[in-house]
Amino acid sequence: MFDTRAEAEAAKERLTAAHVEASHINIHDKSSAGYKDSGYSTHEDRGIWDSIKNAFAPDEDRHAYEEGIRRGGVLLTADVDDDHVDAVVRVLEEANSIDVDDRSNQWRSSGWNYPAAGSGAALGAFGTTDKKVTAGATGTEEVIPVVEEQLVVGKRDVSRGGVRVRSYVTETPVHEQVRLRNERIDVERRPVDQPLSAAEGDAFRERTIDMTATGEEAVVGKTARVVEEVVVSKTADERVEEVDDTVRRTDVEVDRDTDVETKSSTFGTTDKRT
């Protein structure tokens, strides 16, 4: 269920992108066939559920969805194979769908009296036990209907908790030391008084001396390495749950009186009954 039609349409697009046939996806709101402004569906009058052939849910869940539509919500249904159910549920949970259980609790806290509304629906679903009397010229007939309940067991998805893992970037100051070398050029003039030696050659010529001073500076670089992986996965298992309940049935017990003669004057006739 979604709060707006636009969100339901967006969820439908997500399902088609997940390879669910568009013809198997339907959106229901107040304009859908079977919608009622008041009252709730019963087993005889299925209301909006009559167009959702494969839907199965307990009365309370069905009526909660009906109340959601009545309050402006939009219901999305999809027919999928059993193998694809988990994937479809995951897509819909990520499509901004509402939690019907939480929303139902909010409605109850604000005055929605589901039990009072549901009691009438239950009567409509299972009928009432009445005593019907038919009178005629030849006698009186009393009819007691025999009613029995049948246990219907289904299943629904409920939230068992979840986990959210997010990554973020932090900055940590780092201090390091590096030794740097710098060169310096000094020019010095020294007084000398000595004869010119033969090893010094021709002293009267032009000469040029080039000398370059170099220095070192710090260069900072960074490398990134993967040091850990966080893996989020989900596994599913199945269990068999035993469901014990009671069903009711109307049994009729017949006691016959023998060797007793009674008289009656119904409609002016005298009959003998045993």
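Going by the structure above, here's the rest.
All figures in this text were calculated on a predicted structure; none of them were measured in a lab. Within each chain, residues carry numbers counting from 1 in the order of the written sequence. Under the rules for a predicted model, residues below a pLDDT of 70 receive no local features and side-chain atom pairs below 80 are neither given nor counted, while totals for whole chains, interfaces and linings still include all residues. Values shown for side chains rest on all heavy atoms present in the structure; no hydrogens or waters enter the calculation.

A. Representation of helix α2 (residues 59-70) within the structure. Over its 12 residues, α2 runs 16 Å from end to end, which matches the ideal 16 Å to within 8%, given 1.5 Å per residue. With respect to burial, α2 is a largely interior element, 9 of its 12 residues being buried. Buried means the residue's accessible area, taken with a 1.4 Å probe over protein chains only, is under 20% of the maximum for its type, while exposed means over 50%, and partly exposed covers the values in between. A run of DSSP states H or I qualifies as a helix once it reaches four residues; a run of E qualifies as a strand once it reaches two. Both are numbered from the N-terminal end. Of all the residues in α2, the buried ones are Asp-61, Arg-62, His-63, Ala-64, Glu-66, Glu-67, Gly-68, Ile-69 and Arg-70. In the stretch just after α2, Gly-72 is the one whose phi turns positive, near 100°. In a helix, the anticipated span is given by 1.5 Å times the number of residues less one.

B. Spotlight on the pattern of salt bridges. Any Lys or Arg side-chain nitrogen located within 4 Å of an Asp or Glu carboxyl oxygen qualifies as a salt bridge. The tally for this structure, following the rule as stated, stands at 15 salt bridges. The salt bridge partner of Arg-181 is Glu-183, with a shortest N-O separation of 2.9 Å. On the accessibility criterion, Glu-183 (35% relative accessible area) is partly exposed. Ionic pairing is found between Arg-239 and Glu-241, a salt bridge with its closest N-O pair at 3.2 Å. Glu-241 carries the same exposure label as Arg-239, and that label is exposed. Residues participating in the shared-partner salt-bridge network are Arg-5, Glu-9 and Asp-29.

Interpretation in functional terms is not warranted from these geometric data alone.
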